[in-house]
Amino acid sequence: MPSPAVHLGLDAVIFAVTAEAPRILTVRSTDTADEALPSGPLDLETHPTLERGVRDWVAQQTGLALGYVEQLYTFGDRFRDPRERAGGARVIAMTYLALVREHALPTGLRAQWRDCYAYLPWEDWRRGRPELIERELAPRLHAWAANDARKHERVDLTFGLDTAPWDPERTLERYELLWEAGLVAEARRERDPNAPDVTGSGFALALDHRRILATALGRVRGKLKYRPVVFELLPPEFTLLQLQQVVEALSGNRLHKQNFRRLVESAGLVEGTGRLATGTGGRPAELFRFRREVFRERPDPGVYFPGAWWSR
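Okay, so let's go over this structure. All of these numbers come straight from a predicted model, not from anything done at the bench. Within each chain, residue numbers correspond to sequence positions counted from 1 in written order. Side-chain atom pairs in this predicted model are given and counted only at pLDDT of 80 or more, local residue features only at pLDDT of at least 70, and totals for whole chains, interfaces and linings cover all residues. Calculated side-chain values reflect all of the structure's heavy atoms, with hydrogen atoms and water omitted.

**A few points about the nonpolar core**
Buried Ala, Val, Leu, Ile, Met, Phe, Trp, Tyr and Cys residues that are joined via side-chain atoms within 4.5 Å together make up what is termed a nonpolar core. Accessible area is worked out with a 1.4 Å probe on protein chains only. A residue is then buried under 20% of its type maximum, exposed over 50%, and partly exposed in between. Judged by nonpolar contacts, the single largest core of 63 residues is most densely connected at Phe 15, Trp 122, Phe 159 and Leu 243. Should any heavy atoms of two residues lie within 4.5 Å, those residues are counted as being in contact. Excluding residues that lie within four positions of it along the chain, Phe 15 makes contacts with Arg 23, Ile 24, Leu 97, Ala 98, Leu 99, Val 100, Cys 116, Leu 213, Ala 216, Leu 217, Val 220 and Leu 233. Core analysis: the next-biggest nonpolar cluster, separate from the first, contains 20 residues, Ala 12, Ala 16, Trp 57 and Leu 64 among them.

**Things to note about the packing of helix α3 (residues 149–159) against helix α4 (residues 171–180)**
For any two helices packed against each other, the geometry is given by the interaxial angle and the distance between the axes. Two elements in contact, α3 and α4, have axes separated by 9 Å at closest approach and are oriented at 140 degrees. With respect to each other, α3 and α4 are oriented oblique. Crossing of α3 against α4: the hand is left-handed. In this structure, α3 uses Arg 154, Val 155, Thr 158 and Phe 159 to contact α4, whose residues at the interface are Glu 173, Arg 174, Leu 177, Leu 178 and Glu 180. A per-class count over the contact of α3 with α4 returns 4 nonpolar, 1 polar and 4 charged. Axis definition: a line fitted to C-alpha atoms, limited for helices to the stretch in contact. Angles are taken between N-to-C directions and run from 0 to 180 degrees. Note on conventions: DSSP H or I runs of at least 4 residues are helices, E runs of at least 2 residues are strands, and numbering of each starts at the N terminus. These descriptions rest on fixed angle ranges, namely under 35 degrees for roughly parallel, over 145 for roughly antiparallel, 65 to 115 for roughly perpendicular, and the rest for oblique. Crossing handedness: left-handed means the near helix sits turned counterclockwise from the far one by under a right angle, and right-handed means the same turn made clockwise. Nonpolar residues are Ala, Val, Leu, Ile, Met, Phe, Trp, Tyr, Cys and Pro. Charged residues are Asp, Glu, Lys and Arg, and all others, Gly as well, are polar.

**Digging into the pattern of salt bridges**
For this document, the term salt bridge refers to a Lys or Arg side-chain nitrogen within 4 Å of an Asp or Glu carboxyl oxygen. Considering all chains together, one arrives at 25 salt bridges under this definition. Here Glu 51 ties to Arg 55 by a salt bridge, and the two come within 3.1 Å at their closest N and O atoms. On the criterion of helical spacing, the pair formed by Glu 51 and Arg 55 is a turn pair, its members being 4 residues apart in helix α1 (residues 50–62). Taking the relative accessible area as the measure of exposure, Arg 55 reaches 24% and is therefore partly exposed.

**Quick word on α3**
Looking at α3, one finds that the buried residues are Val 155, Asp 156, Thr 158 and Phe 159. Contacts from the buried residues of α3 go to α2 (131–145) and α4. After α3 finishes, the residue Gly 160 shows a positive phi value of roughly 65 degrees.

**Description of the pairing of strand β1 (residues 6–18)**
In this description, strands pair whenever DSSP reports at least two bridges between them. Note that β1 and strand β6 (residues 90–99) share 10 bridges and pair parallel. Across the sheet, the residue bridging to Val 13 is Leu 97, located in β6. Across 3 bridges, the pairing between β1 and strand β4 (residues 39–41) is antiparallel. Residue pairing in the sheet places Leu 10 in a bridge with Gly 40 of β4. Of the strand pairs in this sheet, β1 and strand β2 (residues 21–28) are connected by 4 bridges, and their pairing is antiparallel. Along β2, the bridge assignment pairs Thr 18 with Ala 21. The turn joining β1 and β2, which pair antiparallel and follow one another in sequence, is formed by 2 residues; a positive phi near 50 degrees is taken by Ala 19.

Shown next, in the form of structure tokens:
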């Protein structure tokens, strides 16, 4: 009996932060009405490495040459590609995370920049707890949990309800809980295409790409603690306000301005240039740059310390 076919795909989650908004790069899917992450199959002849393959597909589909890239996760659930149900190959995706500065995209391609929180709206706490959690998601999740005490506890812990703290890194758990409860379009699409939409559940992505996005956002938020990844999203020289806005956009939370500034300066993450930013419309602010020497000074040069700014 022949072995079932397996295809290896390469997917990329590409983050930028522009005008205080976390942005991701998507492409119009050729197979569904939904947008998708940049992706394509591994070509055994022309791709010497997986990373080279994903870079090639991103360049081909979006015109973007990636800088910082890291491997994210492998997704291989059965039927993650619906064509498998019709006898198609099992598709295993090697996914990558990239951080870039947003640039205009070439015309004629099927690529566009989108607000990350349009797909995961419950993750944006910069104006406090999103109303949609209390108004739409929590009642439906608790109704789904019914009389199951374990499910109720899982709902509360995952979404920070009933005195439970909000953990910004549990992005994948929150999406998967909503999927399990049938509250996101991807779950309804698989189980009952005629089921009504749920207000506040965000826009869908093709296949399981929203699950991949949730995984990537959690990875980025976790790395804020111990890696200076935010500087990949900033110009070589920046103000402390620009740095704060990038961290707020990715974390989905507002920061305490003075605590944050004391942290980045006392930790040796930045150094002043002696120059002032122009055209800010207000009081001129000093320009800073990232101190690469910090990598030699300590092993975990992140922009986080306990209690500094995550909301509860």
